[in-house]
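Architecture and fold: a report
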Amino acid sequence: MEEFNIKTSVRFGKDALSCLGEIHADKVFIVTDPYMMESGMVKQVTEPLQDRKYEVFSKVVPDPPLELVVEGVKEVIAFRPEAVIALGGGSAIDEAKAIMFFARQIGNLPEMEFIAVPTTSGTGSEVTSFAVITDKEKGVKYPLIDKGLLPDVAVLDSNLVKSLPPAIVADTGMDVLTHALEAYVSTSANAFTDALAEKAALTVLKYLIRSNQNMEDSEAREQMHVASCMAGLAFDRASLGLNHAIAHNIGGKFKVPHGRANAVLLPFVVEFNADIQGYNPKEYTEAAKKYADIARLAGLGGGTVRMGVKNLVREIQKMQEMMHMPAGFKECGISREEFLRQSDAIAQGALADNCIKTNPRPASKQDISQILKRAYNGGPASR
């Protein structure tokens, strides 16, 4: 028997942030980053709270480190809030998840309402039971997976993403596409996750370039914000795969932004998972057929499964080029010597990552090393 449920209430559309005035809590703890404080964007969250008491923890940084989680836990235990609001990108939401999760256990605190307000369109963290925390000393990212990390409410207000610069739109948007495609071909996928993943992937293929190239395109920005959430709902139930397993370790070793690492790897992982070596339709994998379905529905052409996969890979690389993204890790400023030196540890880390468990094609250390070699140089993936 399988099960599909959605715990998180998703609020979206015009004036979505007004729902914060409905919080049944006298004390609210807000987790955000310094920019949200300096820019005054945090006021969009604090003003609806009216006369409620609130405390702001604004020390979030990219790739939340363990030490900041510990600091946040101490503050939550001391303040004892009845609700926690995360305002920011994936790092803010992930850090808030970890802080709240450990504060409950260590401080023996009662249940706190958890509200996630994303300000980027990428991680889908506002509707997932995943969080990623970094051990900077070891250079390792640890994915946390627990139902207790699921937000109670996700607030999608596209006004919060209208000023995102093109580079952030590109990185986060490709992260959404990776979430959608990995959930779509996951060994734990089902009819419900497929519907969400398929719609998310098609939305990205239609709107990401528009969102990247025109900050005034409010429709594209709103569509990408919704796509991010849909992809999050899909991968929270179906999980992810090899792409994220490798990207977590690339990010931990070289500080490459998560979405960018996923984007560099994506063409090569799609090709690996599809495994389109022969021309006999009976030999095509289920993953290959699904990739080809996305290509067909997106209008990318391809009369056969093989051509559909190749066209999807080419479209991904075309999008990267149009958004001026690096085609390989070499373009991310990583020296060949250092990349080779760390490749073994990256491959070992990927094999130990929980995301790899639901990849549609088993991957060996040698397979991952080959993907890394090709992804370092970049260039055409399809052969």
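Just above sits the structure.
Everything in this summary refers to the structure shown in the same document. Residue positions within a chain follow its written sequence, with the count starting from 1. The predicted origin of the model limits local features to residues at a pLDDT of at least 70 and limits the giving and counting of side-chain atom pairs to 80 or more, whereas totals for whole chains, interfaces and linings rest on all residues. The basis for the side-chain values is all heavy atoms of the structure; hydrogens and waters are excluded.

1. Observations concerning the packing of aromatic side chains
Aromatic ring pairs: the centre-centre distance and the angle between the two ring planes describe each pair. Only centres within 6.5 Å qualify two rings of Phe, Tyr or Trp (six-membered ring in Trp) as a pair; their planes then separate them into stacked at under 30 degrees, edge-to-face at over 60, and tilted for everything else. Going through the model one piece at a time under the given rule, you end up with 8 aromatic pairs. Pairing F4 with F192 gives two aromatic rings, centres 5.1 Å apart and planes at 10°, and the pair type is stacked. Of the two residues, F4 sits in the segment before β1 (9–12) while F192 sits in helix α6 (residues 191–213), which places them 188 residues apart along the sequence. Between F329 and F339, the aromatic rings sit 5.8 Å apart at their centres with planes inclined by 25°, giving stacked as the arrangement. Placement of F329 in the loop between α11 (305–322) and α12 (336–352) and of F339 in helix α12 is noted, with a sequence separation of 10 residues between them. In this pair, the class of F329 matches that of F339, namely buried. Taken together, the ring pairs connect F254, F329, F339 and Y376 into an aromatic cluster. A ring is considered to have a charge above it if a Lys NZ or an Arg CZ atom is located within 6 Å of its centre and within 35 degrees of its normal. For the cation-ring pair, R361 lies above F272, with the distance from its terminal atom to the ring centre recorded as 4.0 Å. Elements are defined by DSSP. Helices are runs of H or I of four residues or more, strands are runs of E of two residues or more, and each kind is numbered from the N terminus. Burial classes follow relative accessibility: with a 1.4 Å probe on protein chains only, a residue under 20% of its type's maximum area counts as buried, one over 50% as exposed, and anything between as partly exposed.

2. Description of the packing of helix α8 (residues 242–254) against helix α9 (residues 258–274)
The contact between α8 and α9 brings their axes to 9 Å, and the two run at 140°. What the angle tells us is that α8 and α9 run oblique. Crossing of α8 over α9 shows right-handed handedness. Mapping the contact onto sequence places L242, N243, H244, I246, A247, H248 and I250 in α8 and H258, A261, N262, L265, L266, V269 and F272 in α9. Here, axes are lines fitted to C-alpha atoms. For helices the fit covers the stretch in contact, and angles between N-to-C directions go from 0 to 180 degrees. By the definition adopted for this analysis, an angle is roughly parallel if under 35 degrees, roughly antiparallel if over 145, roughly perpendicular if from 65 to 115, and oblique otherwise. For a crossing to be left-handed, the near helix must be turned anticlockwise from the far one by less than a right angle; the clockwise case is right-handed. Contact definition: two residues touch when any of their heavy atoms are within 4.5 Å.

3. Concerning the environment of C229
If you trace the backbone, C229 turns up in helix α7 (residues 218–238). For C229, a relative accessible area of 4% puts it in the buried group. For the pair formed by C229 and S121, sequence separation is 108 residues and the distance between their alpha carbons is 8.0 Å. In this structure, C229 is in contact with V10, E126, V127 and L156, ignoring residues within four places of it in sequence.

4. What to know about the layout of surface pockets
Reported here for the largest pocket is a volume of approximately 1100 Å³. Contributing to the lining of the largest pocket are 45 residues, with G89, G90, S91, T120 and T123 lying nearest its centre. For the lining of the largest pocket, the secondary-structure elements that each account for two or more residues are α1 (34–38), α4 (90–107), β6 (130–135), α5 (166–185), α8 and α9. For the lining of the largest pocket, the element with the most residues is α5, which contributes 5 residues. All residues other than Ala, Val, Leu, Ile, Met, Phe, Trp, Tyr, Cys, Pro, Asp, Glu, Lys and Arg, Gly among them, are scored as polar; the first ten of these are nonpolar and the last four charged. Its residues assigned to classes, the lining of the largest pocket comprises 20 nonpolar, 17 polar and 8 charged. Here a cavity denotes a set of grid points, spaced 1 Å apart and computed over the protein atoms alone, in which a 1.4 Å probe fits but from which it cannot get out, and a pocket denotes an open set meeting protein on both sides within 12 Å along at least five of seven lines; residues with an atom within 4 Å of a point are reported as lining. Grid points are joined across faces, edges and corners, and a volume is the space filled by probe spheres set on the points. The space that makes up the second largest pocket amounts to roughly 330 Å³. E3, N5, K147, D236 and R237 are, among the 14 residues lining the second largest pocket, the residues nearest its centre. When its residues are assigned to classes, the lining of the second largest pocket shows 4 nonpolar, 4 polar and 6 charged.

5. A short note on the side chain of D175
Note on placement: D175 falls in helix α5. Not counting the four nearest positions on each side in its chain, D175 is found in contact with G122, T123, H244, H258, G259 and N262.

6. As for the sheet that holds strand β8 (residues 153–156)
One bridge is not enough; two strands pair if DSSP finds at least two bridges between them. The parallel open sheet is built from 6 strands, whose spatial order is β1-β8-β5-β4-β2-β3. Here the strands that pair on one side only, and so sit at the sheet edges, are β1 and β3 (53–57). Sheet twist, expressed as the mean angle between neighbouring strand axes with direction ignored, is 20°. Here strand β4 (residues 83–88) runs beside strand β5 (residues 113–118); their pairing, made up of 6 bridges, is parallel. Bridge pairing in β5 links L87 to V117. In the packing of α4 onto the sheet, contacts are made with β2 (27–31), β3, β4 and β5, and the angle to β4 comes to roughly 160°.

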